[in-house]
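Below are the chains, spelled out letter by letter.
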Amino acid sequence: MLLIDAKLLDSYHTHKYRKIIHILKNYSVYPGLEQLSLSLCQKESDNEKSMYERKIPVDLDCPLRLTMSLMGSKWKSCILDELRHKPLRPSELHKIFPEATPRVLDLQLKELVEDGLVSKTIYPELPPRSEYAITPLGMTLIPIIDAMIGWGERNTELFEKKYGKRK
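Everything quoted here is computed from the prediction, not taken from an experiment. (Residues numbered from 1 in each chain as written. Predicted model: local features only at pLDDT ≥ 70, side-chain atom pairs only at ≥ 80, totals over all residues. Heavy atoms only, no water.)

**Focus on the nonpolar core**
Next up, step 1: Ranked by size, the top nonpolar core spans 19 residues in total, and within it Ile79, Leu80, Leu83 and Phe97 carry the most contacts.
Next up, step 2: Every element with two or more residues in this core is listed here: helix H5 (76-83), helix H7 (102-115), strand S2 (129-134) and helix H9 (142-154).
Next up, step 3: Contact partners of Leu80, with chain neighbours within four places excluded, come to Leu112, Leu117, Val118, Ile134, Leu141, Ile142 and Ile145. (Core = buried A, V, L, I, M, F, W, Y, C linked by side-chain atoms within 4.5 Å. Buried < 20%, exposed > 50% of the residue type's maximum accessible area, 1.4 Å probe, protein only. Helix = DSSP H or I, 4+ residues; strand = E, 2+ residues; numbered from the N terminus. Contact = heavy atoms within 4.5 Å.)

Put into structure tokens, the structure is as follows:
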């Protein structure tokens, strides 16, 4: 007769209430259980409302800023460059970019998927397997990436002066 939502039990917000929930599981007859569960669920919905909001609004009048917001992160253009050749699994991308932390790569892949530049396919098998592929919209950014690669190759002396010679 436990009325607390399963989503709430799995939430990281319930760590404060773990002891209370444990007691409630052990003693299903508890006066005020319904009120407590409503209170906990209310706290959960309040936390969902307090998501991150941008302090500085996106400038919709500047196409350069808009484009950079889609591909300007450290690894996004590199991910798009690798996906131009073939779809890759997350573990393959982690091997290609060992200096990037898995969390950062996963976040940037998620953002690329949300922006429609990359698609994620999850195959219904055990163990589950997923694969990332560049979308037609993402392919429209490849000429920009190629121009950046070409510029970098033409100006290697600038980077050698700034960062030192390659080892």
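**Remarks on the packing of H5 against H9**
Next up, step 1: Remark: H5 packs on H9, axes separated minimally by 10 Å, with the N-to-C direction vectors making an angle of 110°. Relative to H9, the element H5 lies roughly perpendicular. Residue-level contacts link Ser77, Leu80 and Asp81 of H5 to Ile142, Ile145 and Ile149 of H9.
Next up, step 2: Tallied by class, residues from the contact of H5 with H9 come to four nonpolar, one polar and one charged. (Axes fitted to C-alpha atoms, helices over the stretch in contact; angles between N-to-C directions. Parallel < 35°, antiparallel > 145°, perpendicular 65-115°, else oblique. Nonpolar A, V, L, I, M, F, W, Y, C, P; charged D, E, K, R; others polar.)

**As for the confidence of the model for the protein chain**
Next up, step 1: Of all residues in the protein chain, 68% attain a pLDDT of 70 or more, and the chain-wide mean is 77.
Next up, step 2: Ranking the elements of the protein chain by mean pLDDT puts helix H2 (residues 18-26) last with 44 and helix H8 (residues 136-139) first with 96.
Next up, step 3: Counting contacts from residues 43-50, a segment whose pLDDT is below 50, to residues more than four positions away or on other chains yields six contacts. (pLDDT = per-residue confidence, 0-100.)

**Describing the pairing of S2**
Next up, step 1: Counting buried positions over the six residues of S2 gives five, a clear majority of the element.
Next up, step 2: Examined bridge by bridge, strand S1 (residues 118-123) and S2 share six bridges and lie antiparallel to one another. Looking at the pairing, Thr121 lines up with Glu131 of S2.
Next up, step 3: Counting the residues between successive antiparallel strands, the hairpin from S1 to S2 contains five residues. (Pairing = 2+ DSSP bridges.)

**What to know about the side chain of Gln108**
Next up, step 1: Within the element layout of this structure, Gln108 appears in helix H7.
Next up, step 2: A residue is classified by how much of its surface remains accessible, and Gln108, at 10% relative accessible area, is buried.
Next up, step 3: In terms of polar contacts, Gln108 uses its side chain to reach the backbone amide nitrogen of Trp75, at 3.0 Å.
Next up, step 4: Those residues in contact with Gln108, other than ones at most four positions away along the chain, are Ser73, Lys74, Trp75, Lys76 and Ile79. (Polar contact = N/O pair within 3.5 Å; in protein donor to acceptor, adjacent residues only side chain to side chain.)

**Considerations on the environment of Arg84**
Next up, step 1: With respect to the helices, strands and loops of the structure, Arg84 is situated in the loop between H5 and helix H6 (90-96).
Next up, step 2: On the basis of relative accessible area, Arg84 is assigned to the partly exposed category, the value being 24%.
Next up, step 3: Not counting chain neighbours up to four residues away, the residues in contact with Arg84 comprise Ile134, Met139, Ile142, Ile145, Asp146 and Ile149.
Next up, step 4: Within the structure, Arg84 has its side chain in polar contact with the side chain of Asp81 (distance 2.6 Å).
Next up, step 5: Among the polar contacts made by the side chain of Arg84, one reaches the side chain of Asp146 at a distance of 2.5 Å.

**Some words on the packing of aromatic side chains**
Next up, step 1: Scanning the entire structure with this criterion turns up two aromatic pairs.
Next up, step 2: Between Trp75 and Phe97, the aromatic rings sit 5.5 Å apart at their centres with planes inclined by 50°, giving tilted as the arrangement. Of this pair, Trp75 sits in the loop between helix H4 (63-71) and H5 while Phe97 sits in the loop between H6 and H7, and the two are 22 residues apart along the sequence.
Next up, step 3: Trp75 sits in the buried class, given a relative accessible area of 9%.
Next up, step 4: Taking 6.1 Å as the distance between ring centres and 80° as the angle between the ring planes, the aromatic pair formed by Trp151 and Phe159 counts as edge-to-face.
Next up, step 5: Its relative accessible area of 43% is what places Trp151 among the partly exposed residues.
Next up, step 6: According to the relative accessible area criterion, Phe159 is partly exposed, its value standing at 32%. (Phe/Tyr/Trp six-rings, centres within 6.5 Å; stacked < 30°, edge-to-face > 60°.)

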